[in-house]
There are 4 protein chains.
Amino acid sequence: MSSTWGDRVKISVFGESHGKAIGAVLDGLPAGEPLDFDEIALQMSRRAPGRDRSGTPRKESDLPQILSGVLNGTTTGAPLCAVIENTNTRSGDYENLRSVPRPGHADYPAALRYRGFQDVRGGGHFSGRLTAPLVFAGAVCRQILARRGVLIGAHVASVGAEKDIPFDPVCIPDEQLRRLSCVCFPVNSPEAESRIRAAIERARLTQNSVGGVVECAVTGVPAGLGGPLFGGMESAFSAVLFGIPACKGVEFGAGFGAAELTGAENNDAYYYDGGAVRTKTNRAGGILGGITTGMPIVFRAAFKPTPSIGLEQDSVDLNAKTNTRLRVQGRHDPCVVPRAVPVVEAAAALVLINAMNETNGGAEK
Amino acid sequence: MSSTWGDRVKISVFGESHGKAIGAVLDGLPAGEPLDFDEIALQMSRRAPGRDRSGTPRKESDLPQILSGVLNGTTTGAPLCAVIENTNTRSGDYENLRSVPRPGHADYPAALRYRGFQDVRGGGHFSGRLTAPLVFAGAVCRQILARRGVLIGAHVASVGAEKDIPFDPVCIPDEQLRRLSCVCFPVNSPEAESRIRAAIERARLTQNSVGGVVECAVTGVPAGLGGPLFGGMESAFSAVLFGIPACKGVEFGAGFGAAELTGAENNDAYYYDGGAVRTKTNRAGGILGGITTGMPIVFRAAFKPTPSIGLEQDSVDLNAKTNTRLRVQGRHDPCVVPRAVPVVEAAAALVLINAMNETNGGAEK
Amino acid sequence: MSSTWGDRVKISVFGESHGKAIGAVLDGLPAGEPLDFDEIALQMSRRAPGRDRSGTPRKESDLPQILSGVLNGTTTGAPLCAVIENTNTRSGDYENLRSVPRPGHADYPAALRYRGFQDVRGGGHFSGRLTAPLVFAGAVCRQILARRGVLIGAHVASVGAEKDIPFDPVCIPDEQLRRLSCVCFPVNSPEAESRIRAAIERARLTQNSVGGVVECAVTGVPAGLGGPLFGGMESAFSAVLFGIPACKGVEFGAGFGAAELTGAENNDAYYYDGGAVRTKTNRAGGILGGITTGMPIVFRAAFKPTPSIGLEQDSVDLNAKTNTRLRVQGRHDPCVVPRAVPVVEAAAALVLINAMNETNGGAEK
Amino acid sequence: MSSTWGDRVKISVFGESHGKAIGAVLDGLPAGEPLDFDEIALQMSRRAPGRDRSGTPRKESDLPQILSGVLNGTTTGAPLCAVIENTNTRSGDYENLRSVPRPGHADYPAALRYRGFQDVRGGGHFSGRLTAPLVFAGAVCRQILARRGVLIGAHVASVGAEKDIPFDPVCIPDEQLRRLSCVCFPVNSPEAESRIRAAIERARLTQNSVGGVVECAVTGVPAGLGGPLFGGMESAFSAVLFGIPACKGVEFGAGFGAAELTGAENNDAYYYDGGAVRTKTNRAGGILGGITTGMPIVFRAAFKPTPSIGLEQDSVDLNAKTNTRLRVQGRHDPCVVPRAVPVVEAAAALVLINAMNETNGGAEK
């Protein structure tokens, strides 16, 4: 159980929020892939803090420095290590958290797991800041995938009670995914954006926070990736998605909604569209029996509200062994969902680049 | 991507629905654990087909034969292999499925992945029958866990629109879990059972099927298991749960509901209960930052309706390359949810036995 | 640390020498591979006991029963499980070994590791008998490899002081490998066979045993398999070879001999042989930087003498906590080396089928 | 197949010889371990180039910068990333190697594997320089192990035909290991050092190189670590040792010598030494059935002579597709063996810290 994931393409994420630097090693990338660094910087900026009032006021340039695995702008096939310095840290804000854990945060279980030696400043290795290396890794992988026809895009599906228009799972234009995947507050409906921004602003003004859902779509994935049982694509996606801090639910296609349907309603009927087999609906979310069907992959990830809120809350003092009250200091997002969108896209990119080289067995070159 | 899972305790599942046998190898079990074979048989019977009209009429005794890893009723520490013979197969029912894939089933993507060589009879390796070895493995692991104070139980939380009473996530009596985990149609409310059975019967009578949700709880798990990022408990649970055929959604604690809450609503306040730290609510489902909090672990898994229904559906003929109509023959469950309950419990047992030996690093014996 | 190995093609080996059965699950084989069962039986018979006086007089038919993963004689792509029954067991021979460990055998460390619960009969899971599932797995894999031009063969390079003629590492005819890989006592020199047999017979007549070396060659392996550091082919081969009971040394190409050479002597000069790059010598054993060069892969594995000998030896009584003397009963090989030859070949086949699907990264289909 | 290794404690090594930096991520270290940075620097200096004429004249300070996982000099339990800058690079020396591969080096197979995109400067990711992060990781792990009573030391067992006195495998004083593990040219016999240095100097003066053997011992390892088949300690050690560039052979205890012995000679007789079980000899090298016996672990790794030599050699021009001659420019070690000693010790430390947390299965806390 570790901060390392993958088999063909492995990622090892390191760093603590207020330590010297955070970063990632990507091992197993194909050689000879040119990287567009402007595109990487764009993806980093979508997640970076300090953009607007919907996120934390902490500002970080988040420019990754690539230490290895790239020569003349092209991957060499050796492990790619990228490091992002932490520059804007105000660690004094966090000292009391070592004895008084924040409700809803990892403070308490981490203190048990690491026997008090964990870095609590800014959440340490549990900080949402650790998603920056994920976004970097995703930005690299999605460029490689795009060259093979795979497009990834996600949007803020909901925040609190406010909802965006969901994807049409049988028809997701490239243009839609391209547009979503280059903006900071990606929604399908401009009208929804203002409602959602208002909900976040309400949370911010009341020193509270609010949760939401990210919906992600991937098109161009060849049919036949994945496998039965634990080798399925849903297992792979969910293992990475639940690795994103604050993610508490993952569903594919109709998801929990499928639990309320009949088979006749939920089954996706096949038909020939020219020479290609397609389905009239896509309640499977592009995955059956753990294997891609060739239809768009569609899934949703639920994010809980940021646990760090300005309101006073009940907690305990682990040193004094007494009940106490806590008001969390520091700079925090009233809602992580907009910034989680590029992280979810990055998770999808990691899973897919790891799966794309899959064939059934060892000797089919 | 394979039918193998785990690191400390590994499971390798094999078999095809209408092949000679199915089974599993469990590698890494502790030595010296006595096994109660009646208890294993009880768990197998909860999942076994042919019990009542809510499941498939196919009957299998499903008695596992243990080939290795057990001596004088006690684990030896060597890999434990159990084999379950397939006796009641009617393979003639499936021959046309090689060219005409069932909507909602793995037939089509499996045909691509295995280039037509997959065993289609009864769904082959994709059959729900492959959950029998999972239940066996879970039955072994839960006995070992129970000796360490860990109890697992699940119930039919909903079928279609009919709902059972959910767990109270802050207080789940041992008695409740013990009762649920030894019956075939586990519900918290006897009244709900009749409504849910009626919904399944309606689906059966209309040659249709219906989906549902299983809710699972685990008590007695020590705080401090798991880790950040991909090493979190949610990632581990979801990777196995999505390996269960028909599972399309997984959520922990408040799950997707947390996306509609504010931080003040969703955070679980800490307090001292005698000398122990507990939370007043448990919207986290017993996991924060990927690490167990010591509160009950609570999660839900959504199952889609069985894709094999008697109603005629649109499909394609992959040989003729034309559209066609399909009426699925064979014996099928109108609802897999009641039989999925022991499978979900088994998945939880596997994840926990694999995690229980986790410590932070290599040299802390 | 387990009896499971591999990433693309995984093997999980189970069973105890005097238990009900032994076997293996092979997960990740390509679909659509026809299997020649006579060829499998031939390989099993090369390893099987009871052939002549150079091995143990225990007789086992060792016919594997395939439970899954094969339909109409062809792989389905689902996990292939094969089971071999244990029929000829005389467990009474072993009872005293629980308290008096055999020198040179795993008895003592296994008793500590499994706290006395391990199956000691016939060596339990540590028995050389567990190499039968390995040979089965290798027999499956080498058929698939042969169709891709990869040939594997090994010989008894030495027993005690008696040596066979080694391979010429730059030129190994297919015919030589084909001949070696279908006989029970494979040597390059018929004259060497009689000397080696005599050495084994001397050990047998004195109730002693004797060690030896197996040399293995693989031709037809494409250049470019493997990778740097821990991902190298030498790491992969050695991890499986040291999994064979009694193996205490592994070397590639010039191996330990290279430690006595200068660079000018050890470097293999390149030249063009028609359009193909070859080396004039092959002291690298076909592997440089962990990657195959396209030249034959050549390695040697050293096997210690069978620890179970009829001579009386010093040991301890773990129950009485006193020194004692031990005379090992039971039927044992005076020399495992001839029977280890097909096991070494099988190990090579497993490593290669797992590596053949390797490319540099995730998206190069 | 990757530059990542381990399960409980994972290491991911990155970097290219003439790139910006090299380094490693260590994931899974226990929290709360104080690190002695002077001791780390000492280990780094033992491997660092430019010390004396037995190694390359390239000078690197090799001071690792720790980016994460350490707070106030103590491990936090989060992944530890250390980066070592490359400062002293003369890349012009290597340009012609892209078309004319050096005999005995990874140039040619790497060019095939990475399709010409690999970084060839200084050997890129295949450079011996990548052992610096290994030594760093080992320096961290051995401090943690030493606190648990485990000591590691190695010596230059031989260079060419010149040999040092081997370890006495039944009795290795702590003092001996402590002395070896802090010097740059570790030998058991001072007299051997001068002979060995002379052999290296002869190779240097003739623009040649020479191979050798490193022998390593580990004391204080508890009995019962490891397991049968692929889970054995020999498999673990060898997988990491063969990851060290130029390693071509690995043997444990009597190793290849055991192949020439009888069982009566090779078996290690047990006896009670006070209350402890010991063996009178230790031809097993402290490992039986893949499991530690409690006796010292002793193994040897053979290193081939450095392939980069000043003498002119035959090679090919891959662009011109013609035979050619090559004289390797650049600064190279006439013998890597003295500098390989701390690398072998580091490999042992990695394997042991990964294994120390092993127990038989998932639920034995």
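Nothing here was measured: the structure is a model prediction, and the numbers come from that model.

Caption draft 1: Molecular detail of the relation of the copies chain B and chain A. Rotating chain B by 180 degrees and translating it 0.0 Å along the rotation axis places it on chain A, where the RMSD comes to 0.0 Å. Both copies of the chain, as the preceding transformation shows, are related through a two-fold rotation axis. By residue overlap, the copies meet face to face through one surface: 100% of the interface positions of chain B are interface positions in chain A.

Caption draft 2: Layout of the confidence of the model for chain A. All names here are of chain A. Of the residues in chain A, 92% reach a pLDDT of 70 or more, and the chain-wide mean stands at 92. Note on residues 358-365: pLDDT under 50 across the span, and 42 contacts to partners over four residues away in sequence or across chains. Interface scoring of the predicted complex returns ipTM 0.95; its pTM is 0.96.

Caption draft 3: Here's a closer look at the pairing of strand 11 (residues 247-252) of chain D. Counting buried residues along strand 11 of chain D, six of its six residues qualify, which places the element largely inside the surrounding structure. Looking at chain direction, strand 11 (residues 247-252) of chain C and strand 11 of chain D are connected through three bridges and run antiparallel. Looking at the pairing, C:Gly249 lines up with D:Glu251 of strand 11 of chain D. With five bridges connecting them, strand 11 of chain D and strand 16 (residues 297-303) of chain D associate as antiparallel partners. Paired with D:Cys247 across the bridge in strand 16 of chain D is D:Phe303.

Caption draft 4: Quick peek at the packing of helix 6 (residues 233-241) of chain B against helix 8 (residues 337-356) of chain B. Residue and element names in this part refer to chain B. At a minimum axis separation of 9 Å, helix 6 and helix 8 run at an interaxial angle of 140 degrees. In terms of axis orientation, helix 6 runs oblique to helix 8. The way helix 6 lies across helix 8 gives a crossing that is right-handed. Of the residues in helix 8, those touching helix 6 at Met233, Ala236, Phe237, Val240 and Leu241 are Val344, Ala347, Ala348, Val351, Leu352 and Ala355.

Caption draft 5: Fine view of the side chain of B:Asp62. All names here are of chain B. Locating Asp62 in the fold gives a position in the loop between helix 1 (37-47) and strand 4 (65-66). Under the relative-accessibility criterion, Asp62 is labelled buried at 1%. Side chain to side chain, Asp62 and Arg47 meet in a polar contact 3.1 Å long. A polar atom in the side chain of Asp62 sits 2.9 Å from the side chain of Arg129. With residues near it in sequence (within four places) discarded, Asp62 still touches Met44, Arg47, Ala48, Pro49, Ile84, Arg129 and Ala132.

Caption draft 6: Geometry of the interface of chain A and chain D. Every contact between the two is made by 38 residues of chain A and, on the other side, 38 residues of chain D. Counting each side, the surface lost to burial between chain A and chain D is near 2,900 Å², with a carbon and sulfur contribution of 60%. Linking chain A with chain D are zero salt bridges. Applying the counting rule to chain A against chain D returns 12 residue pairs in polar contact (both at pLDDT 80 or more). For the side of chain A that touches chain D, the secondary-structure elements that each account for two or more residues are strand 2 (10-15), strand 3 (21-27), strand 4 (65-68), strand 5 (70-71), strand 6 (74-75) and strand 7 (80-85) of chain A. Top contributing element to the side of chain A that touches chain D by residue count: strand 2 of chain A, with five residues.

Analysis parameters
- Residues numbered from 1 in each chain as written.
- Chains lettered and ligands numbered in written order.
- Predicted model: local features only at pLDDT ≥ 70, side-chain atom pairs only at ≥ 80, totals over all residues.
- Heavy atoms only, no water.
- Least-squares fit on C-alpha atoms with pLDDT ≥ 70 in both.
- Contact = heavy atoms within 4.5 Å.
- pLDDT = per-residue confidence, 0-100.
- Buried < 20%, exposed > 50% of the residue type's maximum accessible area, 1.4 Å probe, protein only.
- Helix = DSSP H or I, 4+ residues; strand = E, 2+ residues; numbered from the N terminus.
- Pairing = 2+ DSSP bridges.
- Axes fitted to C-alpha atoms, helices over the stretch in contact; angles between N-to-C directions.
- Parallel < 35°, antiparallel > 145°, perpendicular 65-115°, else oblique.
- Left-handed = near helix turned anticlockwise from the far one by under 90°.
- Polar contact = N/O pair within 3.5 Å; in protein donor to acceptor, adjacent residues only side chain to side chain.
- Buried area = accessible area lost by both parts, 1.4 Å probe.
- Salt bridge = Lys/Arg side-chain N within 4 Å of Asp/Glu carboxyl O.

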